[in-house]
Structures are given as C-alpha cells and as structure tokens.
Amino acid sequence: MSHTAIATSMPIATPRLPRITLRAFEPWLYLAPALAVLIVWTYVPLLEAFELSFYQWNMLPRSQPRYVGFDNYLNLLNLPDMQQAVINTVLYTVGLLPLSVGVPLVVALLTAQLTGPARNLYRGLIFVPMIVAPIVAAIVWRWLLNEDHGLANQWLRSFGFDTIGFLRDPDVALWTLVWITGWKLIGFSTLLFAAADSAINPSYIEAARMDGATSWQIVRDIRVPLLSPTILLLSLMTVLFGAQWSFVYINALTGGGPLRSTTNVYYLMWEYGFKTMSAGWSTAAGMLVFLVFGLVALVCLALMKKLAVYDD
Amino acid sequence: MTTSPNTRRFAAHLVMIGLSALAIFPVYWMVQTSFRPESEVFSTALWPATPTLENYRRVIEVMPIFGILWNTVLMAAATTAAQVVTGLLAAWALVRWRFPGGRLAHSLIALSWLVPFQVVMIPNYVLATRLGLLDTIAGLVVPNAAAAFAVLVLYNAMRGFPREVVEAARMDGAGSLRTLIEVVIPNLRAPIASVSILCFISAWNEYFWPLLLIRKIENSVVQIGLQFFMSQEGNDWGLLMAAATLASLPILLIYLVLQRQVVESFMKSGIR
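Note that this is a predicted model, so its numbers are computed, not measured.

Conventions and cut-offs
Residues numbered from 1 in each chain as written. Chains lettered and ligands numbered in written order. Predicted model: local features only at pLDDT ≥ 70, side-chain atom pairs only at ≥ 80, totals over all residues. Heavy atoms only, no water. UniProt positions renumbered as here; feature names shortened; annotations may be inferred. Helix = DSSP H or I, 4+ residues; strand = E, 2+ residues; numbered from the N terminus. Expected span 1.5 Å × (residues − 1). Bend = angle between axes of the 7 residues up to and from the residue. Buried < 20%, exposed > 50% of the residue type's maximum accessible area, 1.4 Å probe, protein only. 1 Å grid on protein atoms, 1.4 Å probe; cavity = no way out; pocket = protein on both sides within 12 Å on 5 of 7 lines; lining within 4 Å. Points joined across faces, edges and corners; volume = space filled by probe spheres on them. Nonpolar A, V, L, I, M, F, W, Y, C, P; charged D, E, K, R; others polar. Contact = heavy atoms within 4.5 Å. Buried area = accessible area lost by both parts, 1.4 Å probe. Salt bridge = Lys/Arg side-chain N within 4 Å of Asp/Glu carboxyl O. Polar contact = N/O pair within 3.5 Å; in protein donor to acceptor, adjacent residues only side chain to side chain.

### Brief notes about the UniProt feature "domain: ABC transmembrane type-1" (unreviewed entry) in chain B
Line of reasoning, step 1. The feature "domain: ABC transmembrane type-1" (unreviewed entry), as annotated in UniProt, sits at residues 69-258 of chain B in this numbering.
Line of reasoning, step 2. Helix makes up 75% of residues 69-258 of chain B and strand 0%. Its end C-alpha atoms lie 21 Å apart.

### Quick look at helix H11 (residues 215-245) of chain A
Residues and elements named next belong to chain A.
Line of reasoning, step 1. With 31 residues, H11 ought to run about 45 Å at 1.5 Å a step, yet its terminal C-alpha atoms sit only 36 Å apart, falling short of that.
Line of reasoning, step 2. Of all the bends in H11, the greatest reaches close to 50 degrees and is centred on serine 228; the proline proline 229 follows between one and four positions later.
Line of reasoning, step 3. Of all 31 residues making up H11, 22 are buried, and the element is well covered by its neighbours.

### Side note on empty space enclosed by the protein
Line of reasoning, step 1. Summed over all chains, the structure comprises 4 cavities of 30 Å³ or more.
Line of reasoning, step 2. Size it by volume and the largest cavity reaches roughly 60 Å³.
Line of reasoning, step 3. In this structure, the largest cavity is lined by Ile131, Val132, Ala133 and Val136 of chain A together with Trp204, Asn205, Gln223, Ala247, Ser248, Ile251 and Leu252 of chain B.
Line of reasoning, step 4. Residue assignment for the lining of the largest cavity shows that the elements contributing at least two residues are helix H10 (189-205) and helix H13 (237-269) of chain B.
Line of reasoning, step 5. Here the element with the most residues in the lining of the largest cavity is H13 of chain B; it accounts for 4 residues.
Line of reasoning, step 6. The residue makeup of the lining of the largest cavity, split by class, is 8 nonpolar, 3 polar and no charged.

### Concerning the interface of chain A and chain B
Interface size, as often reported, equals the accessible area lost upon joining of the parts.
Line of reasoning, step 1. Opposite the 90 residues of chain A that make contact, chain B presents 97 residues.
Line of reasoning, step 2. Together chain A and chain B conceal approximately 8,700 Å² of surface at their shared face, both sides included; 79% is due to carbon and sulfur atoms.
Line of reasoning, step 3. Together, Tyr30, Trp41 and Trp143 of chain A form the three largest contributors to the area buried by chain A at its contact with chain B, with a combined 11%.
Line of reasoning, step 4. Applying the counting criterion to the chain A and chain B interface returns 0 salt bridges.
Line of reasoning, step 5. If you look at where chain A meets chain B, you find 14 residue pairs in polar contact (both at pLDDT 80 or more).

Listed below in structure tokens is the structure:
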C-alpha cells in the first residue's frame, strides 16, 4: 500500500489543477479499450436483452417490438419444452461431474508416483482433446459412433451385442453428448489435480506414514482435503459452464433431438432466437438462466470459501 | 493390504496408458480414415491397407479450404493481438495506479465471464448487423477484442513485477506508457507468450459467434466450414475426416512444438 495513487497524493489547490485532473484520468486511458469492448459487447447487450425480454419481436429490421410485460416469462415457465430443457441441463451437469472431476481425481491419485519420460509422454497425450476444436471432436465422434459403420458399433456387433443408436436413441443421445463434452476435459482435469497433488508438502505424508497411516488413510485424510480447492474449482466450472460446453455438440450432432431429449436451456435460447425468431422468448429464457446461474455461482463461491482446506 | 511399489507402479502405468489411448485414439482414427480410399473406409483394420491422398484432393476441390484456413489464421491472429494489447493496457492501469473506480473496473472485467454468450447473442447480432459486420472477418474479431482472462492473467503477472524497477523508471522521467513498453513488457515475455497461445487456440476453436455471423462459405472460418461440410457431405467419411484433419493441423503443430507452454498456459488460466 506504500504506493498510493499519484493523483490523490498531489496537493490539490494549486495552479497545476488541470494537470492533476489529466493524471487522474490517466489509468482510464489504459482501461478504455478493454472496458469499451466489454461494455459495448457484454454489459450493454445484457441490459438490452433484459429490456427485450419484455417485448415480442421477430427480429426483422422493419417490424416493431411490441411490449408484452411479463408474458414471455409466464409463457416460458409453463412451457413443457422449457421444463424438459431445465431437466436436461441438470442431467448434462450431473453427468459431466464424474468426467471432469471424479475420474481425473482418482487417476491423479493413482498415478502420482509416476516420474520421468513416461509421465511426460502420458501428460502430452491426455491433454490433446483439450485443444481439439469442439466441432472436430463432434465430427470424429459422430464417425466413431455412427450407427451402421462406426467403429464402436462394429466392435459391439463383432462381440455379438446389439448396435446402439448413440445419437438416435432418445435414452442414449444425451449421455453420448455428455461423454463427448467430458472426453475433452478428462485429461486437462487430471493434469490440474496432478499439479495440485505434487504441490502437497511431502513432509505431511512422511509424518503420517511414520505414525503408521495406511496409504488409503493418507489419501482420505491428507491428500483429498488438500486437493479440495481444485476439486471445488473444477466442480464450479462444470456446474457453471458444463451446459454451455455441450452446446456445440447439440447443435452439430443432434439439433436438440431425438424427441428434444438433448435440448438444454442454452440450445433452447438459440432455437427461440435464431430458428423461430422470437427474440422476446429467447432473451427471457436468457435472463432466467443468467439469474439462476448467477445465484449458483454465488452459492458455489461461498461454499468454496467455507469448504476448501488451504495449506497455510 | 500392502501392495509392493512395483505392482502399484505397474497399475499406474496401466491407468495412464488407458487414459492416453482414450484421449488420442479418436484423433488417430480421424487421421487414418482421411488416408483411406473409398473402398476401405468401413474397414475396422487399425490402419489403411492402401493409403491415399485422394480425400485431400477432393476436399480442395469441393471447398475453398485454403481460403477458409487463411481467414481463420487472420481472425485468430488479429483476435490474439487485440486481446493481448487490450489486456496489457488494462492490467497496467490496475497495477500501476490505485484510483477511485479501479476496483469497480476490475470487477467489471472479472465478472464479464459470468455472462453466457447465449444471453447476449441477440443484441450482439443486432449491433453487428447495424455496424455492417455481418459476414466479415472484422465482425469476428471486434467483439472479442478484449478478454477477461487475458486481463486477469497479465494483471497477476504484472503484480509480481518488482515495484522498485518501475519506480526507478519513473525517477528517470519515463512516462507510464514508456515504462510499460520499455521496462515491464520485455520482462513479461513468458506470461505474454502463454496468454497469446491460449488466445490463439480459443480464437481458432471459436464456434458460436462465427456460426451467427457468417453466411457465405468463402467468408467462413474453419469451424463453420466444417459445419457446412458436415451438413452437406454428411456421410462421406473419408472426405469429412480429411477436412477435419486439415482444420486441426495448425493447432496440433503448435502443440507439437510448444507442448509444455500450451499445457501450462491452459492450467494457469483455467478452462475457458
């Protein structure tokens, strides 16, 4: 705190006043480009979306938006489509957690003692899905899981099983999309856990071992608690963004079907906005989503502060 | 209860081999399918018996793939440059001065990642249309010219920069911009490189905004090109895999060369 702002530490009532105001202005000059972009393309649109959510508008340049009050919200809340989409959004999130948090945590704990070139090779390989473009992942998995000729179903057939309509069966399609979304994340999460695990002070584990703790006890009582900030961070990310990450796969692979079984709230907004051209419904849904996820974010952050164990 | 260290190391290798295979196999399958002649596409053999470049020749024929790749390079490079520059400037303002409104600016930037793009897409689309940005590369860059994570990562990097050096520069009469350019930036090469890598990869992989903005295939970027392609040539797998391989090649090459930096930059700045 020793370097307070020059602007406020300057004597004020002097003839150099114009220069002082200029100086007070200086940080804003640096902030201007970034803030301008965020205000013009994020915050103002957020307010405009809020406003639009009270109107009926088909987005055609010549048509006038018509004020409808809370109708969009009331209609949405009573719509079976919306209810289904909300349920699906929860399913995406819950389905993703084992892939983005559970499996990576277990793998990181099991493989912590690996060292040397083998470990580097594994790290290099498991990270690859993270940098593969989502649409490329969609195309590749669409091919692997193709009903007639995809490798997965050819293997199933050769072992005498029935083929699975991974993207065509309403009971399966959502989980297929969860899997593709999770496939991109497993390696990345594993590396995050491995990094956090290797940062644990080895003297704790040594001390526990001296006291006769088994390796399971060490995992349960020392390593997992000290990994809790990473566990919570990844869970928070998954809860907040999981349904958004799935959007590409819904749009590219199922179009929300079959029988709307893969539509989540983000896809619903997209459909209302750019397929049926009802800006009011789309933005009203957007406001509800923003509100709910905002609350979830606050709760999660509070939980993180409370639950995380820090080594300090 | 006690398993020998060797058994455990063996198990660890097994787990990692399994996970590596899971991660890499789909990518491998894409590449090898792209080299298969039409007669072999449905074979389950692990590699093509008679590899061919035929699929690549056809991709070039049916789709202006090089133009699209060039658009994508332009878009990703411009987005990266813009995000790094706006990020450096904003981070410098927040580190160099303590001023009224500074915390507000900081939280406005940090909280922007909480706003899902789908919530603001309609106003954004309307604005882009009004500004004549529809179907242009500039339209892909401008709304993404600043990124919260770039500001925040550079802010954290600058905060670790020794105060005394900055002070010394000021004593020498250097203005704040000269201090930033001549003193701070040269010493922040590693974080700047790391942010650039991340910006470039995420711009390259960007899907949603181009999907809204781009109409004509010759103006499109590679992700949208692939999407068009998939809906047109749906089950021509050799062709699709060749296009997908071409689209991934630049990123995979970057990864091959800069693997450690790529992994580290992702781990430092979280998932987005």
